[in-house]
Structure formats: C-alpha cells, structure tokens
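If you want the building blocks of each chain, they are given just below.
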Amino acid sequence: MTELRSSAEWRGDLKSGSGTMRVGGGVWEGVYSFPSRFEGADGGSPEEFVAAAHAGCYSMAFSNTLASAGHVPTSVRTTATVHFGPDPAGGFHISRIDLVVEADVPGIDTAAFLDHAEEAKVGCPISKLYKGAEITLAATLLS
C-alpha cells in the first residue's frame with residue numbers, strides 16, 4: 001500500500017493566525033489564513049486541496065473506466081467545486097462537492113459515456129472517502 005504525506009503548520013489563534021501547507025515532498029507549498037479560507041482573500045485553503053484531489057482522482061478514474069471498456073479518452077478535464085460553510089449543527093462543513101467533467105472520447109455514444117461517468121464517480125477513491133473513512137490520531141505534546 002502506498003503512503004502519501006502532506007503537512008500543515010498553524011501559528012496563532014483562528015482569526016489572526018496564519019499557516020503554511022506543504023503537499024507531498026514539496027510539490028506545492030503555500031500560505032493560508034482565516035481570510036483566505038473564509039473570506040475569499042489571497043492564499044489557499046484546505047478545501048481547495050479537497051477539490052483538487054477529487055478532480056484529479058476522478059479524472060484518472062474516469063479515464064480508466066473508459067479505457068477498460070475499450071474507449072481510450074484523448075483527454076478528461078474535471079472541475080470540482082467544494083461547497084464549504086457553516087454547519088447547522090455548529091462549526092463548518094463541506095455540504096457538497098460538484099464534479100463537472102469534459103472529456104474527449106472518440107467513438108463512444110452519449111448513453112455509454114454517461115454510464116461510465118457515473119461508474120467512475122462511484123469507483124473514485126476520493127469519492128469513496130466521503131462514504132466514510134476510519135480516521136486515526138497520534139498526538140504528541142512538544143512542550
């Protein structure tokens with residue numbers, strides 16, 4: 001099984017603090033803050049990474065589903081929109097993720113294309129994550 005890691009560090013309190021996120025071995029590193037996460041200011045947000053992960057995973061899953069059925073795509077472009085906001089039960093939550101895909105697939109009819117698109121949505125590992133996942137925690141107090 002492959003193990004992949006990313007990391008984040010937050011300094012300060014929620015509203016006036018700031019942080020950095022690092023993807024993998026340094027493929028991307030950037031800043032985030034309360035304003036960038038909740039108010040549309042410059043910087044990143046964890047939810048953007050959720051969207052990017054889902055778009056990338058789905059594009060690969062759909063490509064594989066199509067190719068396995070004998071329809072190798074020329075390209076698969078997916079945009080994932082994460083809906084993030086207040087949770088009626090308190091705090092914040094992701095209420096929905098919208099996947100929008102455009103694919104160039106020679107020789108496939110619309111019905112088969114749509115069937116494979118849905119199959120890929122169900123089989124995509126990131127989509128599966130939202131059905132429920134075990135979360136473990138190891139916490140270490142440094143001072």
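Preceding block: the structure.
Residues numbered from 1 in each chain as written. Predicted model: local features only at pLDDT ≥ 70, side-chain atom pairs only at ≥ 80, totals over all residues. Heavy atoms only, no water.

(A) Helix α3 (residues 110-123), seen in detail. The end-to-end C-alpha distance of α3 is 20 Å, a good match for the 20 Å that 14 residues give at a rise of 1.5 Å each. Residues of α3 that are buried: Phe 113, His 116, Ala 117 and Ala 120. For α3, the angular spread of the buried residues around the axis is 105°, confining them to a single face. For α3, the elements touching its buried residues are α2 (46-68) and β5 (92-104). Capping the start of α3, Asp 109 holds a side-chain oxygen 3.1 Å from the backbone nitrogen of Ala 111, two or three residues further along. (Helix = DSSP H or I, 4+ residues; strand = E, 2+ residues; numbered from the N terminus. Expected span 1.5 Å × (residues − 1). Buried < 20%, exposed > 50% of the residue type's maximum accessible area, 1.4 Å probe, protein only. Arc of directions from axis to C-beta. Contact = heavy atoms within 4.5 Å. Polar contact = N/O pair within 3.5 Å; in protein donor to acceptor, adjacent residues only side chain to side chain.)

(B) Here's a closer look at the sheet that holds strand β1 (residues 7-11). What the 3 strands build is an open sheet, ordered β1-β2-β3; its pairing is antiparallel. Every other strand in the sheet has two partners, leaving β1 and β3 (28-33) as the edge strands with one partner each. Within this sheet the neighbouring strands show an average axis-to-axis angle of 15°, counted without direction. Judged from the 5 bridges that link them, β1 and strand β2 (residues 18-23) form a sheet pairing that is antiparallel. The residue of β2 that forms the bridge with Ala 8 is Met 21. (Pairing = 2+ DSSP bridges. Axes fitted to C-alpha atoms, helices over the stretch in contact; angles between N-to-C directions.)

(C) Expanded view of the pattern of salt bridges. Counted according to the given criterion, the structure contains 7 salt bridges. Between Arg 5 and Glu 3 there is a salt bridge, and its shortest N-O distance comes to 3.1 Å. There is no split in this pair, since Arg 5 and Glu 3 are both exposed. Asp 98 is the partner of Arg 96 in a salt bridge, and the nearest nitrogen-oxygen pair spans 2.8 Å. (Salt bridge = Lys/Arg side-chain N within 4 Å of Asp/Glu carboxyl O.)

(D) Region of the structure containing α2. For α2, which comprises 23 residues, the first-to-last C-alpha distance of 33 Å matches the rise-based estimate of 33 Å (1.5 Å per residue) to within 8%. Turning to α2, its buried residues are Glu 47, Ala 51, His 54, Ala 55, Cys 57, Tyr 58, Ser 59, Ala 61, Phe 62, Thr 65 and Leu 66. Buried residues along α2 sit in contact with α1 (34-38), β4 (75-86), β5, α3 and α4 (125-129). Trailing α2 by a residue or two, Gly 70 shows a phi angle of about 90°, which is positive.

(E) Quick peek at the packing of aromatic side chains. Under the definition given, this model contains 8 aromatic pairs. Measuring from centroid to centroid gives 5.6 Å for Tyr 58 and Phe 62, while their planes differ by 35°, and the two rings are tilted. Taken together, the positions of Tyr 58 and Phe 62, both in helix α2 and 4 residues apart, correspond to about one turn of that helix. The residues Tyr 58 and Phe 62 share a single accessibility class, namely buried. Among the aromatic side chains, those forming a connected cluster through ring pairs are Phe 34, Phe 38, Phe 84 and Phe 92. (Phe/Tyr/Trp six-rings, centres within 6.5 Å; stacked < 30°, edge-to-face > 60°.)

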